[in-house]
Amino acid sequence: MSTACNLDGCTVGETGRCALEKDPATCSNRVIDINALKATLKDAPDAEDAGAVGTAVLDAPSEPPSFPSSATLGSEVIDQMMASRYVTVVGILGDPNSGKTACLASLYLRVSRGLLEGWSFSDSRSLMGLEEISRGARRWNDGNPPEQMTVHTKMADDRQPGFLHLRMKQDRGGRLIDLALPDLPGEWTKDLVRTSRSDRFEFLKSADVLWVMVDGRTLIDLQRRQGVVSRLGQLAGRLRALFDDAMPQLLIVTTHLDEGVVPEPTLTKLHAEIGKHKVSARVVSVASFSANPDINPGHGLAALVDASVTPHSEPLQFWRSRAPQADARAFLSHRRSQ
Ligand SMILES: Nc1nc2c(ncn2[C@@H]2O[C@H](COP(=O)(O)OP(=O)(O)OP(=O)(O)O)[C@@H](O)[C@H]2O)c(=O)[nH]1
Ligand SMILES: [Mg+2]
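In short, a report on the structure. (Residues numbered from 1 in each chain as written. Chains lettered and ligands numbered in written order. Predicted model: local features only at pLDDT ≥ 70, side-chain atom pairs only at ≥ 80, totals over all residues. Heavy atoms only, no water.)

### Here's the deal with the overall build of the protein chain
- Along the backbone of the protein chain there are twelve helices and seven strands.
- Across the 338 residues of the protein chain, 39% fall into the buried class.
- Residue pairs in contact within the protein chain that sit at least 24 positions apart in sequence constitute 71% of those at least 6 positions apart.
- Total accessible area on the protein chain is roughly 21,200 Å²; 52% of this is exposed by carbon and sulfur atoms. (Helix = DSSP H or I, 4+ residues; strand = E, 2+ residues; numbered from the N terminus. Buried < 20%, exposed > 50% of the residue type's maximum accessible area, 1.4 Å probe, protein only. Contact = heavy atoms within 4.5 Å. Areas by Shrake-Rupley, 256 points an atom, 1.4 Å probe, with all protein chains shown as cover.)

### A closer look at the environment of V89
- With respect to the element layout, V89 can be found in strand 1 (residues 87–94).
- Separated by 119 residues in sequence, V89 and D208 place their C-alpha atoms 5.4 Å apart.

### Things to note about the sheet that holds strand 3 (residues 163–170)
- Pairing is mixed in the open sheet, where seven strands are placed in the order 2-3-4-1-5-6-7. The open sheet has two edge strands, strand 2 (119–123) and strand 7 (282–285), and neither has a second partner. Ignoring strand direction, the axes of neighbouring strands in this sheet form an average angle of 30°.
- For strand 6 (residues 249–255) and strand 7, the ladder comprises four bridges, and the chain directions are parallel. (Pairing = 2+ DSSP bridges. Axes fitted to C-alpha atoms, helices over the stretch in contact; angles between N-to-C directions.)

### Focus: the packing of helix 9 (residues 225–243) against helix 10 (residues 264–275)
- In contact at an axis separation of 8 Å, helix 9 and helix 10 are set at 30° when each is read in the N-to-C sense. Judged on the interaxial angle alone, helix 10 and helix 9 are roughly parallel. Our pair here, helix 9 against helix 10, has a crossing hand that is right-handed. In this structure, helix 9 contributes R225, Q226, V229, S230, L232, G233 and A236 to the contact, and helix 10 contributes T266, K269, L270, E273 and I274.
- Among the residues forming the contact of helix 9 with helix 10, the class breakdown is five nonpolar, four polar and three charged. (Parallel < 35°, antiparallel > 145°, perpendicular 65-115°, else oblique. Left-handed = near helix turned anticlockwise from the far one by under 90°. Nonpolar A, V, L, I, M, F, W, Y, C, P; charged D, E, K, R; others polar.)

### Overview of the nonpolar core
- Core analysis: the largest hydrophobic core is formed by 38 residues, its most contacted members being I78, L93, F201, L204, L210, L239 and L250.
- For this core, the secondary-structure elements that each account for two or more residues are helix 4 (75–84), strand 1, helix 7 (186–195), strand 5 (209–215), helix 9, strand 6 and helix 10.
- At eight residues, helix 9 tops the list of elements feeding residues into this core.
- Listed in part, the 32 residues of the second largest apolar core include C103, Y108, W211 and M213. (Core = buried A, V, L, I, M, F, W, Y, C linked by side-chain atoms within 4.5 Å.)

### Structural notes on the state of the cysteines
- Within the structure shown, the criterion is met by zero disulfides.
- Free of any disulfide, C5 has its nearest cysteine sulfur in C10, 3.7 Å distant.
- Free cysteine C18: the closest other cysteine sulfur is in C27, separated by 4.2 Å. (Disulfide = S-S within 2.5 Å.)

### Description of the side chain of S288
- Inspection of the secondary structure puts S288 in the loop between strand 7 and helix 11 (301–309).
- Apart from the residues lying within four places of it in its own chain, the contact partners of S288 are A102, C103, S106, P297 and G298.

### Overview of unusual backbone geometry
- The phi angle at H256 is positive, at roughly 60°, despite the residue not being glycine.
- Among the secondary structure elements, H256 is positioned in the loop between strand 6 and helix 10.
- The phi dihedral of K278 is positive, around 60°, even though this residue is not glycine.
- Assignment of secondary structure puts K278 in the loop between helix 10 and strand 7.
- Under the relative-accessibility criterion, K278 is labelled exposed at 67%.

### Details of helix 11
- With seven of its nine residues buried, helix 11 lies for the most part within the structure.
- Among the residues making up helix 11, those that are buried are L301, A302, L304, V305, A307, S308 and V309.

### Here's the deal with the packing of aromatic side chains
- Evaluated as defined, the whole model comprises three aromatic pairs.
- With a centroid separation of 5.6 Å and 85° between ring planes, the pair formed by F163 and F203 is classed as edge-to-face. With F163 in strand 3 and F203 in the loop between helix 7 and strand 5, the pair connects residues that are 40 residues apart, well separated along the chain.
- F163 sits in the buried class, given a relative accessible area of 3%.
- Note on F203: relative accessible area 12%, which makes it buried. (Phe/Tyr/Trp six-rings, centres within 6.5 Å; stacked < 30°, edge-to-face > 60°.)

### Quick notes on the packing of helix 5 (residues 100–112) against helix 11
- It is at 10 Å that the axes of helix 5 and helix 11 come closest, and there the two elements cross at 100°. With respect to their mutual orientation, helix 5 and helix 11 come out roughly perpendicular. Only L301, L304 and V305 of helix 11 make contact with helix 5, whose side of the interface consists of C103, S106, L107 and R110.
- In the contact of helix 5 with helix 11, the residues fall into five nonpolar, one polar and one charged.

If you want it as structure tokens, here you go:
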């Protein structure tokens, strides 16, 4: 009998051959050497460490996997973008149905198809958001345009604006611009005018340009135009209070140009009304959509972008003109008066 087997005469321990010609591993007479077995197990890879077949090789990430969101962007994302490149933030105000969403949808549809004069599409971090607002404009019924191209804007968060992003390249010179465009509900502007609620417009303080959207038809209509001009005056007053002295460039964007041109005398009244609050503005007229064969959809949008990214400042008066005084020794007193 060997130490490896209980059977008398078996030398399996020394020769590896079973006297009963059985498999040494399964023979019932075999004596298992606990120490040898322990040593073998110690050298073998640990089943738990190596991972059983079919189990995960790497630990699961603690956060759910996600692609970057391409819906509207929060202001913190715009802040991050601003750290690496110049972003033109546009503050967009206007009553419900004034044409804010339509203007953004049309801008995206035009530039993404290479139809915006002077500009071409370069990139967007909010493609899904832009697609979302322009979806209605592409839902045509049997070849006829839909009754309403865009839907009334509602915000998921009633306090924070969501921004749409467009990067565009200027054909002349190849300049790249990044626009951050919030699509806000008209109620926000109504509340600002009515109750002077301005907390939601804090972000306007970092805006480079303001667009105040007005339905051009209301400025043409005899019954409504005076009321609209007064309301724009009130809005100008609220904005003046919000910004104090550092007010960005203001563009009044009249929409529905395809349905008529706002008469010049009404625009003069409008400038006078907002001027009472020490506010000045340029007027840009657009037709975001158009059923008028003489006016293309998207008319005026290129001019709106141009005006938004080109700083507008009063021309510097190098030599101020003064009425000459009859007996003044102008040449001699010139230096003293400077
Ligand atoms: N023909 C034409 N229709 C326009 C124009 N601008 C806006 N519209 C239409 O006017 C309606 C209201 O426009 P919206 O852009 O949704 O108005 P909004 O200012 O975003 O309104 P709220 O989201 O409610 O604040 C939509 O049916 C648009 O299709 C335009 O220039 N021409
Ligand atoms: Mg809207």
